[in-house]
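# Structure assessment
Single-letter residue listing:
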Amino acid sequence: MIRIEHLKKKFQDNNFEVLKDVNAEITDGEIISIIGPSGTGKSTFLRCINGLNTPTSGHIWIDGVDVTDPKTDMRAVRKKVGMVFQNFNLFDHLSVLDNVMVGPIKLLGMSRKEAEEQGRRLLAQVGMSSKAEAFPRELSGGQKQRVAIARCLSMQPKIILFDEPTSALDPTMVTEVLSVIRGVAKQGITMLIVTHEMKFAREVSTRIFYMDKGIIYEDGTPDQIFENPQNTFTKVFIRRIRAYDFQIEDGNYDSIALFAGLENFCVRYGLKDDVIAKIDTLARNSLDICFSNNPASKGIRFRVTYSEVHHEVKVKLRSTTDQRTFICPDTPSPALEQIKQNCDRINERLEDEYLKLTLTFSTK
Amino acid sequence: MKTILKLILAFLPLLFMGSCAKESAEREVISSARDLTGKSVVVLSGSVQDIYVSNNLSDCNILRVDTEVDALTMIQGDKACGTITSDIVWAMVRDGFDDLVSLDEKINPMPIGMCFKKSDTQLRERFNAFLNKYIEENDIDSLIEEWKNPDCVREMPDPDDVQNPEGSYSFAVCCISPPFTFIRNGEVSGVEAEILAKFAMSENMRWTFMDVVFSGLINCVQSGKADIGASIMCITPERQQSVDFSDPWIEESSVLVINKKFAPAELLSEEEATESGMLESIEDSLEKSLVREKRYLLLLKGLEISVLISLLAALFGTILGAILCFCSMHRNKLVSGGANLFIAFMRCMPQVVLLMIMFYIVFGSLNIDGKWVAVIAFSLCFGAYTSVIFRTSVESIDKGQTEAALSMGFGKVRAFLTIILPQTIQRALPVYKGEFIGLVKATSVVGYIAVSDLTKAGDIIRSRTYEAFFPLILVTVLYFLIIWVLTIALKYVETKTQPKRKKFFK
C-alpha cells in the first residue's frame, strides 16, 4: 500500500514548485493512470515515489516504510518498486538477456541458472525471446521498451512505475508496448502509469488521477473522469485531448507536419484504417479548395475532433472573415465531389466573427 | 636486421638530396668572423660561443642547437654558413667532417673551470687544492690527447673501489663533450670525468654522474642537485653571478668553422677523399653507431628508460585522471573548481616547461633521480589530459542508465562500476590510445633533466660518431617499435571490452 501526504517538490535551480500538495492512497493491486497537461508534475510525482527525486516536504509510505525519511535504505525500497522509463534506458553494453539477468544476479543473489531461466521466461512473456542475444542498439524503440519492462519484472517488484512508456515511440510501436503493459496489469502488481494514451488509460486503469497545477485535481474511475468530469480544468483537458489542432499561417504551411500529427492522433485513438482514410481525404481536399479559391489565405486553424460517445469525426477549418468562403458549392470540382462522397454533413457559417467550415461523418 | 637495412637504404636518397649544394656563379668567401654579417651562424645554446656571437656578431642570424654535432651537420647541409665552436672540440671531430674547414683566427680565448654552488666555498677550496696538485703531477695536454684517441684504453676509476665511503658526490656533466665528458662503453668518461672521480676518491667519497644538457648544468649546481658541474665550461662574469668557479685549469679558444665552399683559397688542400663503396660505408656507419664502444647498450638503456617512464606515467596518470575526472564532476563547487583549474593549468603548460619546473624548482633541493621526476611530471600531464577524455566519455553515457540502475536497487557506486564504467572504457579507449602515443613521444624531452632516454642516447651517439643519419634512424625505428607494440596491447584491451565479443556473465 502507498500513502502520500502533503507532498511538495520545488526545484532548486529554477525555484519552480512542481508539486504543491499531493495526497493519495493507493491499495495493493490498483492500476492507476496519471493524466494531465505537460509540465504539471506527473513524472516528478512518480520519481518522488522511488526516490529519484527528493521531495521538499511531505511523506510517502510504502508498506509502512517512510521513503522520505533520509535514514531509509532506498536500495531496499527500490528493489520492490520497479520503474519503466520514457527513454527505455537499457544497459547498452549488455545483451538483451544480460539486461534481464544483471539485477537478479547482482541484487537478488540469484544463481546464474535461475536468473537465466527467469530471464528467458520474461523475454517470452514480452515476445522478445528471439532477440535474447541481441544488443539494445539493434532493437527498435518498441522492442527496447518491451525489454525494459522485462528487466523491471526481473526484480520481481510489488509496484511498477511507468513514466510515459510510449511517449518516445513511433505511433506504430505504441500498440505492442501497450499490449505488454496490459499483460503485466493482469498479474496483480500495483501500477502507476503516467500516460497520454487516453484510450489505453481508460480501459486498463482501476482509477485515474487527473493532475494539474501541482496537485491531484480530480481522482475517480475512468468512466467518471472521461465521461463526467466534475472539475473545470478536467473538462477542458478531456475535451482538448479529443481534438487535433494545427495552426496554418499561410499557403506555405508545413503540410508534412500537419498530416504526420494527424496520423499520430488517429493512431492514438485507435481509429480504423477506413476512418483514417476518410479524415485524410477530407483534410486534403478542403485545404486544396481553400487555397485554390484564395491563395492568399492567412491564419487558418485546422482541427479534427473525435467523439467516442457519439462515434463521430469532425474536420473543421476556421478563418477570420476576410475569407469569403471555404467551399463554394456553385463551382463544382473533383475535390468538392470527393468531400461530398466522404462526409455526412457540410456546414459553413459565420459565427463570432469567424468563418467556420465543419465536415462531419459517423464512424458507426 | 635485414629489414632495418632495407629501411635505411630507402632513406638514403633523401639524405643525398639534402646534401646536394647549389653552385653559385660567383664564389662567396668567408675569411673572418666579420664576413658572417647577415648570414646564419649556429652555436651551442648557452655556451661561451653563444654569448660571444650575441655580443659581437649581433647582425647575424643566430641559430642555437644543443650539440656540436648538430651545429656541424647544419653547416654541411647548408642550413647555416658557419659555427663558432671550441677549438678543442673541433680538433676532436674535424676528421669526421671532410667538407668543413676552420679558419686560423683564434676567437675569444676563455679560461675553463668547474662550477660550484655559491655557498659551497669549502668544497671549492678543497677541490682547488686537489686540482692544482693534480695539474702539477700530471701533464694535462697528454691526458687530453690520450682521451681523444678513439682506441683509448684509459680506465675510469670505479666508485665501488672506495672502501667505507663517507658519502657520495653528485657531478653534473654534459655527456656530449668528448674528450672531456662523454659516454664510453656505457659509462661517463673523459678528462674532466676522471679529474672529478679522482677528487672524490681523494676525499674518500663515492660519486655519481648526472648527464644533463649543457644549458642545464648551472641550474643543476645552483639548485643543489649536483655538487660540482663540469663540461669544458668557460668562466664568464655572467656565470660567476650564478655559481662559483674553480681555478681555471685549461684555456679554450673558439674557431670559426665553415663549409669548404666558402673557404679562402689558401685553406683548401688539393687532396680528395677516396670514395669508398656505398655498402661498405653503410656497414661502417652502422658499426660506428651500434657496435663500437658498445653503443647499442646506450640505445637499449635509453629504450628501457623511455618505456619505463611511459608506462609508469600512463599508469599513475590514468589513476590520477580517474580521480580528477571524479573531482571535476563533483557536486561541491570547491572540489570541481579546484580540479578544473588544475586540469586547465596542466593542459596549458608545455611539457618541457613543466618537467623543468618540477626538476629545478619543485624538487630542486631534493636528491631525487630525474627519471622519477619525469614520471611525476608526465603523470600529472597525462592525468589532466585523460581526465577530460574520461569525463566526456562518462557524460556521453545517458544519465538514464544510471537512473535505471538506481531504480533497480543498485547503490551509486555499484551502478557506476557495473553499468557506467564498462561503457566508459569502451568509448574512451580510441582517444586514450592516441593520447598514450602522444605521451610516449612526449617523453623524448626528458633529456632536459639529466635522464638518458632513447632520444638522449641517440644524441650521445651522434656526439661521438659525428653522424646524424644512423642514430636518428635507429631512434625512429625504436620509437616506432615501442609505440607499435604498446598500441597492439591497447587494441587487445579494446576488443576485449567490445560488447559483441563478450558475454557479461561467463
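Scroll up to find the structure this text is about.
Residues numbered from 1 in each chain as written. Chains lettered and ligands numbered in written order. Predicted model: local features only at pLDDT ≥ 70, side-chain atom pairs only at ≥ 80, totals over all residues. Heavy atoms only, no water.

### Overview of the environment of A:Ile300
The topology assignment puts A:Ile300 in strand β12 (residues 300-307). Through-space distance from the C-alpha of A:Ile300 to that of A:Glu249 is 6.5 Å; in sequence the pair is 51 residues apart. (Helix = DSSP H or I, 4+ residues; strand = E, 2+ residues; numbered from the N terminus.)

### Brief notes about unusual backbone geometry
All names here are of chain A. Even without a glycine there, the phi angle at Phe-88 is positive, about 65°. Within the secondary structure, Phe-88 sits in the loop between β6 (81-84) and α3 (96-107). When its relative accessible area of 11% is taken as the criterion, Phe-88 is described as buried. Notably, Glu-164 is not glycine yet its phi reads approximately 45°, a positive angle. Mapping Glu-164 onto the fold places it in the loop between β7 (159-163) and α6 (171-185). Residue classification places Glu-164 among the buried positions, given a relative accessible area of 14%. (Buried < 20%, exposed > 50% of the residue type's maximum accessible area, 1.4 Å probe, protein only.)

### What about α6(A)?
Residue and element names in this part refer to chain A. Its 15 residues give α6 an end-to-end C-alpha distance of 22 Å, which sits within 8% of 21 Å, the value for a rise of 1.5 Å per residue. Those residues of α6 that sit buried are Met-173, Val-174, Val-177, Leu-178, Val-180, Ile-181, Val-184 and Ala-185. Looking down the long axis of α6, one finds its buried residues gathered within 160° of arc, a one-sided arrangement. Turned more than 90 degrees from where α6 packs its buried face, Thr-172 and Thr-175 sit exposed. Its buried side turned inward, α6 meets β3 (31-35), α4 (112-125), α5 (141-154), β7, β8 (190-194) and α7 (198-204). (Expected span 1.5 Å × (residues − 1). Arc of directions from axis to C-beta. Contact = heavy atoms within 4.5 Å.)

### Observations regarding the side chain of B:Lys371
Residues and elements named next belong to chain B. Tracing the backbone shows Lys-371 in helix α14 (residues 370-396). For Lys-371, which is buried and forms no salt bridge, the nearest opposite charge comes from Asp-369, at a distance of 4.1 Å. When residues no more than four places from it in sequence are discounted, the contact partners of Lys-371 are Ile-305, Leu-308, Ile-309 and Val-451. (Lys, Arg positive; Asp, Glu negative; His and termini not counted. Salt bridge = Lys/Arg side-chain N within 4 Å of Asp/Glu carboxyl O.)

### A look at the side chain of A:Arg146
Examined against the element boundaries, A:Arg146 turns out to sit in helix α5. Here A:Arg146 is in contact with A:Val126, A:Gly127, A:Met128, A:Glu176 and A:Val180, once residues within four sequence places are set aside.

### Focus: the pattern of salt bridges
For side chains bearing opposite charge, pairing can occur when the charged atoms are close. Scanning the model with the defined rule gives 31 salt bridges over all chains in all. Among the salt bridges present, the one from A:Arg112 reaches A:Glu116, with a minimum N-O distance of 2.5 Å. Here A:Arg112 pairs with A:Glu116, and both are found in helix α4, just four residues apart, close to one helical turn. We classify A:Arg112 as partly exposed; its relative accessible area is 33%. For A:Glu116, a relative accessible area of 19% translates into the label buried. Between B:Glu395 and B:Arg391 there is a salt bridge, with the nearest N and O atoms lying 3.0 Å from each other. Remark: B:Arg391 and B:Glu395 occur in helix α14; sequence separation between them is four residues, near one turn of the helix. A relative accessible area of 44% places B:Glu395 in the partly exposed class. Through salt bridges with shared partners, a single network forms among A:Arg112, A:Glu116, A:Arg120 and A:Glu133.

### What about the sheet that holds β6(A)?
Residues and elements named next belong to chain A. In spatial order, the strands read β6-β7-β8-β3-β9-β10; together these six strands make up an open sheet with mixed pairing. Two strands bound the open sheet, and with one partner strand each, they are β6 and β10 (215-220). The mean angle between the axes of side-by-side strands here comes to 20°, regardless of whether they run parallel or antiparallel. Bridge count for β3 against β8 is four bridges, and the pairing is parallel. Counterpart to Ile-34 in the pairing with β8 is Val-194. Contacting β3, β7 and β8, α6 runs over the sheet at an angle of about 155° to β8. Contacts between helix α9 (residues 232-241) and the sheet are confined to β3, β9 (207-212) and β10, with β9 contributing the most and set at about 100° to the helix. (Pairing = 2+ DSSP bridges. Axes fitted to C-alpha atoms, helices over the stretch in contact; angles between N-to-C directions.)

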